[in-house]
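Geometric and topological summary
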Amino acid sequence: MSTIKILHMYADMLDLYGDSGNMEVFSYRCKMRGIECIIDKYSIDSPMPDFSAYDLIYIGGGADLEQQHISADLLKCKEGIAKAYKGGTFLFLICGGYQLMGKYYRDADGNDIPGLGLFDYYTVAPNSRRKRCIGNIVIKTDITGSPVNVVGFENHGGQTQGVKNPFGKVLYGNGNCSKSENEGYCEKNVIATYLHGPCLSKNPEITDYMIEYCLSRNSGEKVTLTPLDDKLEKECRTVMLQRLLKK
Amino acid sequence: MKRLQILIGKIIVKMLHLMKRNAGNLPGIVLWHISRHKAVSMFKVDCPIIAVTGTNGKTSVTNCIAQLFERSGKKIITNREGNNLDTGICSLLLRHCDMKGRVKADYLILETDESHVPVVYSQLKLETLIVLDFFRDQLDRNGEMETLIQKINGFCKTFNGNLLLNGDDPNTARLGRANPDNKNVKYFHAEPYDFATKTVFEASEGRFCPFCGETLEYDYYQYSHIGKFHCPKCGFGNYKPYITASDIDLDKPVFTADGHTYSPKLNSIYNVYNMTAVAGAAKIYNIRQDIVDSVISSYTVKNGRMESFMLGDRKTTLNLAKNPVGANMTLRVMNEMKGEKELLFVLNDNVADGLDVSWIWDINFSIFERVTRVVTSGTRAYDIAVRIKCSGYDQANIVVRPDLDKAVDELAKTPGRKFVIANYTAVQPTRAALKHYISRNGGKTE
């Protein structure tokens, strides 16, 4: 039996809008195919893990207060995470997790929370806490090799700028900044996005892309997954696409 | 100017009544605009005002406190229908004031939305504020919970009246420190019940001390983050309770508070908390013990809060769940019940629900026991179906029927015990669909 090892960071603090549900979806889709999925948790003051021993590192989103709490701890992990990422470990990052991998996050009071600087983008929160990008969102991504409409829910104050390679084009909603064209950031082993919902719940192709990536990397050859019955997930997405994209 | 505003308001109320429409909110909205957003400032209220706020339990506690005073022979004004924003309270007062805006009553007992406490009570003098709890609820409408608590905390900084707080909720208890000069801060508290746990069971918030940032330590959790907590560093949480519920036995159900045993009708731990708040309010106002007894022992709820129906001969319980805590409580009640059962979950994402439905992922469905089939309905019927499926429940036993009448038909098709969970805007349509089924196929309502 093949195995995928995941490190879920700060699950106890960064878990807004059902973000932990992504891990439930991920392990569900592994289990249905007989793939073992081991999810270890890391939080503040846990012993320093060997990040490179993991196939995937997952970080969810949190409120400003929680993000401040973890930022100093996350910086201690900088070297380990950077090494794992360069070695091909997949980084799956939602909202706060996305922001903190950039250069910095400037909060509403003008204080900078330094990011890990793995990527060039940076995030600035508006002065008013009321100005937030909130609502359903649809983006089109090509990360899996064929276009997929991804449906989720965004709620972020931060405006992320300097993104070189976005995760998708915005078809409905805001994206990286208010009313922007692009959403998130991606590489072949990185998905960083503002999409909650949780993100993977209605978008099985994205989960399967990550599972395939992890298995292919481990075995050294291209792995193709057996399809699952995704009737409910697809119908769920269709309902939202019809509602949001109809003119 | 104020008189003119009241006149306009009264005319609107009258017109709505003539049109046989409910004047619950609209008159207030009009006055909110013409009074430059100070919808309740034109009223003159001389009697004491008691406000109840919090995420869960406002309606129950407000109604019970209203009954305490009513049964004591007092004239009260209260927003029983739950119109709890400034505009709703304005509409209520418009119906009860004279042309000069004077409101005549012995007590005003007002359920007040969490985010509207500072708005309303900067304009009306408040005597007692009761805060029940803060949970993740409709996050996208209120902004993050911390912002909400900060708002109420700001109000409490200059408030010197009675402040009755849930001492087992760190999010609520922290308000007790907002104004160090307020000598009238009181906490209600409950000893552990049979299902209290040593570790946290459901998604929770407020893990850190709001004053020093240390991780809070818990002697026990009752549900979610509610339990006996304290901060090991700064001592937050070490207070002397004003009133304590103990000897809680939900099978009967009974509990004791201040040496007196109560037998409530509803058997949930959160009802014990609500009734302890009611007993606390009764203590503040010296309500006669026999009246407190009769209110707490007779209080039961309709409007989809553990409401019973018979769909033909199928016993059915409907419960409102606005957030994971409410839903988890219903699942627990369902699990603790013997025998097989089926669940209908109705999930809407209308504006009043909060457009975001991801809170369903904080519901712990993996505890399902003897649930033989699940029907889902509502505008987000598929979202809840996917969520239950991914918890490991066999999708062959999940039926999606977005149309509510069809969903109830589907649920009632098979014999046995039924449970229905509906979120905020789904509750009334669900009740209507259940009644509709009964009118066509027999059965009875409570």
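Quantities reported herein were computed from a predicted structural model and do not represent experimental measurements. (Residues numbered from 1 in each chain as written. Chains lettered and ligands numbered in written order. Predicted model: local features only at pLDDT ≥ 70, side-chain atom pairs only at ≥ 80, totals over all residues.)

**A few points about the overall build of chain A**
Note the following rule: We count a stretch as a helix when DSSP gives it H or I for four or more residues in a row; a strand needs E for two or more, and each element gets its number in order from the N terminus. The exposure label follows from counting other C-beta atoms within 10 Å of a residue's C-beta, where the C-beta atoms are placed from the backbone and the thresholds are 20 or more for buried and 12 or fewer for exposed, leaving partly exposed in between. In this description, any two residues whose backbone-derived C-beta atoms lie within 7 Å of each other are considered to be in contact.
Secondary structure assignment for chain A yields six helices and 14 strands. Taken across its 247 residues, chain A has 51% of its residues classed as buried. For chain A, the share of sequence-separated contacts (at least 6 apart) that also reach a separation of at least 24 residues comes to 70%.

**A look at the overall build of chain B**
Per the secondary structure count, chain B includes 14 helices and 20 strands. Burial status across chain B gives 50% buried among its 446 residues. By sequence separation, contacts in chain B at least 24 residues apart represent 70% of the contacts at least 6 residues apart.

**Points about helix H11 (residues 324–336) of chain B**
Residue and element names in this part refer to chain B. Cut-off, in case you're wondering: One less than the residue count of a helix, multiplied by 1.5 Å, gives the span that helix is expected to have.
The end-to-end C-alpha separation of H11 is 18 Å, in line with the 18 Å expected for 13 residues at 1.5 Å each. For H11, the set of buried residues is Pro-324, Val-325, Gly-326, Ala-327, Asn-328, Met-329, Thr-330, Leu-331 and Met-334. Elements that come into contact with the buried residues of H11 comprise strand S9 (217–223), helix H9 (269–284), strand S15 (314–320), strand S16 (341–346) and strand S19 (417–422).

**Comments concerning the interface of chain B and chain A**
For clarity, the threshold we go by: For this classification, Asp, Glu, Lys and Arg are treated as charged, while Ala, Val, Leu, Ile, Met, Phe, Trp, Tyr, Cys and Pro are nonpolar and the rest, including Gly, are polar.
Across the boundary between the two partners, chain B contributes 22 residues, which contact 27 residues of chain A. Taken together, the residues of the side of chain B that touches chain A break down into eight nonpolar, five polar and nine charged.

**Observations regarding unusual backbone geometry**
A cis amide bond links Gly-197 of chain A with the next residue in sequence, Pro-198 of chain A, at an omega value of -10 degrees. Examined against the element boundaries, Pro-198 of chain A turns out to sit in the loop between strand S14 (190–193) and helix H5 (204–219). A cis geometry characterises the amide bond from Lys-252 of chain B onward to Pro-253 of chain B, with omega recorded as -20 degrees. Tracing the sequence through the fold places Pro-253 of chain B in the loop between strand S11 (243–249) and strand S12 (254–257). Even without glycine at this site, Arg-370 of chain B takes up a positive phi of about 55 degrees. Relative to the elements of secondary structure, Arg-370 of chain B occurs in the loop between S16 and strand S17 (371–377). The exposed category is assigned to Arg-370 of chain B, around which 12 C-beta atoms lie within 10 Å.

**A few points about the packing of helix H3 (residues 58–70) of chain B against helix H10 (residues 289–298) of chain B**
Two measures define how a pair of helices packs: the angle their axes make with one another and the distance between the axes. Residues and elements named next belong to chain B. Rules: In this analysis an axis means a line fitted to C-alpha atoms, helices contributing only their contacting stretch, and an angle means the value between N-to-C directions, from 0 to 180 degrees. By convention, the crossing between two helices is left-handed when the near helix turns anticlockwise from the far helix through less than a right angle, and right-handed when the turn is clockwise.
As a packed pair, H3 and H10 sit with axes 9 Å apart at the nearest point and diverge in direction by 145 degrees. Crossing handedness for the pair H3 and H10: right-handed. Across the interface between the two elements, Cys-64, Gln-67 and Leu-68 from H3 touch Ile-291, Val-292 and Val-295 from H10. In terms of residue class, the contact of H3 with H10 is built from five nonpolar, one polar and no charged.

**Notes on the confidence of the model for chain B**
Residues and elements named next belong to chain B. How we decide: The pLDDT value expresses, per residue, how confident the predictor is, ranging between 0 and 100.
Looking at chain B as a whole, its pLDDT mean stands at 89, while 93% of the residues score no less than 70. Contacts for the low-pLDDT stretch residues 138–142, under 50 throughout, to residues beyond four places or in other chains number 14 contacts. Across the assembled chains, the prediction reports ipTM 0.95 with pTM 0.67.

**As for the environment of His-189 of chain B**
Residues and elements named next belong to chain B. Relative to the helices and strands, His-189 is located in strand S8 (residues 185–190). Between the alpha carbons of His-189 and Lys-240 there is a distance of 9.3 Å; along the sequence they are 51 residues apart. Setting aside residues up to four positions removed in sequence, His-189 forms contacts with Gly-167, Asp-168, Pro-241 and Thr-244.

**Looking at the sheet that holds strand S6 (residues 112–114) of chain A**
Residue and element names in this part refer to chain A. To keep things clear, this is the line we draw: Two strands are counted as paired when DSSP detects at least two bridges linking them.
Pairing is mixed in the open sheet, where four strands are placed in the order S6-S5-S7-S10. Two strands lie at the open edges of the sheet, namely S6 and strand S10 (159–161), each paired on one side alone. Ignoring strand direction, the axes of neighbouring strands in this sheet form an average angle of 20 degrees. As defined by bridge partners, strand S7 (residues 122–124) adjoins S10 across three bridges and the pair is classed as antiparallel. Looking across to S10, one finds that Tyr-122 is bridged to Gln-161.

**Structural notes on the sheet that holds S11 of chain B**
Residue and element names in this part refer to chain B. Taking strand neighbours across the sheet as the criterion, the nine strands line up as S3-S5-S2-S6-S7-S8-S11-S12-S13 in an open arrangement whose pairing is mixed. Looking at which strands have only one partner, the edges of the open sheet turn out to be strand S3 (76–78) and strand S13 (260–262). The average angle at which neighbouring strand axes cross in this sheet is 15 degrees, direction not considered. Pairing of strand S6 (residues 128–131) with strand S7 (residues 162–166), which is carried by four bridges, proceeds in the parallel orientation. Counted as the bridge partner of Leu-129 is Leu-163 from S7.

**Overview of the environment of Gly-117 of chain A**
Residue placement: Gly-117 of chain A occurs in the loop between S6 and S7. Since 15 C-beta atoms lie within 10 Å of it, Gly-117 of chain A is described here as partly exposed.

**Some thoughts on the packing of helix H13 (residues 404–412) of chain B against helix H14 (residues 427–441) of chain B**
Residues and elements named next belong to chain B. Test applied: Roughly parallel means an angle under 35 degrees; roughly antiparallel means over 145; roughly perpendicular covers 65 to 115; every other angle is labelled oblique.
Here H13 crosses H14 at 55 degrees, and the two axes come no closer than 9 Å. Classified by the angle their axes make, H13 and H14 are oblique. Crossing handedness for the pair H13 and H14: right-handed. Contacts between H13 and H14 pair Leu-404, Asp-405, Val-408, Asp-409 and Ala-412 from the former with Pro-429, Thr-430, Ala-433, Leu-434, His-436 and Tyr-437 from the latter. Among the residues making up the contact of H13 with H14, the classes are represented as seven nonpolar, two polar and two charged.

**Focus on the pairing of strand S4 (residues 90–94) of chain A**
Residues and elements named next belong to chain A. Across the five residues that make up S4, a large majority, five, are buried. Both faces of S4 are covered, namely the face carrying Phe-90, Phe-92 and Ile-94 and the face carrying Leu-91 and Leu-93. Of the strand pairs in this sheet, strand S3 (residues 56–59) and S4 are connected by four bridges, and their pairing is parallel. Its bridge partner being in S4, Tyr-58 is matched across the sheet by Phe-92. Where S4 and S14 come together, four bridges link them in parallel fashion.

**Some details on the nonpolar core**
Note the threshold: Here a nonpolar core is just a set of buried residues of the types Ala, Val, Leu, Ile, Met, Phe, Trp, Tyr and Cys, joined wherever their C-beta atoms sit within 7 Å.
One finds Leu-56, Ile-57, Tyr-185, Ala-192 and Met-210 of chain A to be the most contacted residues of the largest nonpolar core, which totals 115 residues. Residue contacts for Tyr-185 of chain A: discarding those within four places in its chain leaves Tyr-98, Phe-119, Tyr-121, Val-163, Asn-165, Pro-166, Phe-167, Val-190 and Ala-192 of chain A. The next biggest cluster of nonpolar side chains, apart from the first, holds 82 residues, and it includes Met-42, Leu-108, Leu-163 and Ile-287 of chain B.

**Focus: helix H1 (residues 2–18) of chain B**
Between its terminal C-alpha atoms H1 of chain B stretches 24 Å, which fits the 24 Å expected from 17 residues at 1.5 Å a residue. Lining the buried residues of H1 of chain B we find helix H2 (26–34) and helix H4 (86–96) of chain B.

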